[in-house]
Amino acid sequence: ELKVEQNPLFLSMQEGKNYTIYCNYSTTSDRLYWYRQDPGKSLESLFVLLSNGAVKQEGRLMASLDTKARLSTLHITAAVHDLSATYFCAVMPPGGGADGLTFGKGTHLIIQP
Amino acid sequence: KAGVTQTPRYLIKTRGQQVTLSCSPISGHRSVSWYQQTPGQGLQFLFEYFSETQRNKGNFPGRFSGRQFSNSRSEMNVSTLELGDSALYLCASSSQGGPWDEQFFGPGTRLTVL
């Protein structure tokens, strides 16, 4: 059974600081997704990581994937209040989407002025 | 291209009732997946439909069922509602539901069971 663990689950940080969210998963997968969710809203796709060593950046967010370590990271640079949200990583199982994405529990991020 | 749409957006039901939620995928997408999101259990996979066939189902009781129509629209039904069924129900569509297809999520239906 595929398991996905995120840490930390809660993070309060100040504007301007850097931090990293970690996502570990238990079985082989070559596709990992990062989503953002604002309160009461749906999931907004941030990054799709397709292969080992993949690195993607969008604004102050950068995501990477190490399939050998079964680890993905979401790095936040010089955080701003607008990045406050819950961030989820999700892993595509080997069987594909028909088996459903497996999500981490999410990291609730609060960025304070 | 229009995104994934879900109706209704909000529902309030009482215990014992049943409910039907609808999802229209992105045009051309043939795979529809359903997920339940609760504060306690997080996001959990319910089932996936492709070409009107359920290909897989998550670990949910038989009260949760679904179907897909020939135009790829999907419905999910929950019978004999329980308080614990209160959740945000998200559907996601993808082209084929294969390992290389990205899933696109709809806005969700917020179900409250009283």
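Refer to the preceding data block for the structure.
These numbers come from a predicted model, not from an experiment. (Residues numbered from 1 in each chain as written. Chains lettered and ligands numbered in written order. Predicted model: local features only at pLDDT ≥ 70, side-chain atom pairs only at ≥ 80, totals over all residues. Heavy atoms only, no water.)

### Some remarks on the overall build of chain A
Worth spelling out the cut-off: Numbering of helices and strands starts at the N terminus; helices are DSSP runs of H or I of at least 4 residues and strands are runs of E of at least 2. Throughout, radius of gyration means the C-alpha value; the globule benchmark is 2.2 Å times the number of residues raised to the power 0.38. Relative accessibility thresholds used throughout: buried, under 20% of the residue-type maximum; exposed, over 50%; partly exposed, between the two (1.4 Å probe, protein chains only). Any two residues having at least one pair of non-hydrogen atoms within 4.5 Å are treated as being in contact. Note on areas: Shrake-Rupley, 1.4 Å probe, and residue coverage restricted to the protein chains presented here. Here the positive residues are Lys and Arg and the negative ones are Asp and Glu; neither His nor the chain ends is included. To locate a charge, the coordinates of NZ of Lys, CZ of Arg, CG of Asp or CD of Glu are taken.
The secondary structure content of chain A amounts to zero helices and 11 strands. Order of helices (α) and strands (β) in chain A, N terminus to C terminus: β-β-β-β-β-β-β-β-β-β-β. In summary, chain A has a C-alpha radius of gyration of 14 Å against a globular reference of 13 Å for 113 residues, a match within 12%. Looking at chain A as a whole, 49% of its 113 residues qualify as buried. Considering only intrachain contacts with a sequence separation of at least 6, the fraction spanning at least 24 residues in chain A is 54%. Carbon and sulfur atoms make up 51% of the accessible area of chain A, which totals about 5,400 Å². Charge-centre separation for chain A: the mean point of 10 positive side chains lies 2 Å from the mean point of 10 negative side chains.

### Details of the packing of aromatic side chains
All names here are of chain A. Threshold: Each Phe, Tyr or Trp ring (for Trp, its six-membered ring) is paired with any other whose centre lies within 6.5 Å, and the angle between the two planes then decides the class: stacked below 30 degrees, edge-to-face above 60, tilted in between.
Tallied over the entire structure, the rule returns 10 aromatic pairs over all chains. When the centroid spacing of 6.1 Å and the interplanar angle of 20° are considered together, the rings of Tyr33 and Tyr35 count as stacked. Like Tyr35, Tyr33 is buried.

### What about the sheet that holds strand β6 (residues 55-58) of chain A?
Residue and element names in this part refer to chain A. What counts here: A pair of strands is labelled paired if DSSP reports no fewer than 2 bridges between them. Here an axis means a line fitted to C-alpha atoms, over the contact stretch when the element is a helix, while the angle between two N-to-C directions is reported on a 0 to 180 degree scale.
Read from one edge of the open sheet, five strands run β1-β3-β8-β7-β6, paired in antiparallel fashion. Two strands bound the open sheet, and with one partner strand each, they are β1 (4-7) and β6. Each strand axis lies, on average, 15° off the axis of its neighbour in the sheet, ignoring direction. Sheet topology note: the strand β7 (residues 61-66)/strand β8 (residues 71-76) ladder contains six bridges and is antiparallel. Within β8, the residue paired with Asp66 across the bridge is Leu71.

### Describing the state of the cysteines
For the record, the criterion: Note that a disulfide, as used here, is simply two cysteine sulfur atoms within 2.5 Å.
Using the criterion set out here, one finds two disulfides over all chains in the structure. Disulfide pairing is shown between Cys23 of chain A and Cys89 of chain A; the S-S distance is 2.0 Å. Torsion about the S-S bond of the Cys23 of chain A and Cys89 of chain A cystine: about 80°, corresponding to right-handed handedness. Taken together, the residues Cys23 of chain A in strand β3 (residues 19-25) and Cys89 of chain A in strand β9 (residues 85-91) connect sequence positions 66 residues apart. Relative accessible area serves as the criterion here: at 0%, Cys89 of chain A is assigned to the buried category. The side chain of Cys23 of chain B participates in a disulfide bridge whose partner is Cys91 of chain B; the two sulfur atoms lie 1.9 Å from each other. Between Cys23 of chain B and Cys91 of chain B, the S-S dihedral sits near 65°, and the bridge is therefore right-handed. In this pair, Cys23 of chain B sits in strand β3 (residues 19-24) while Cys91 of chain B sits in strand β9 (residues 87-94), placing the two residues 68 residues apart along the sequence.

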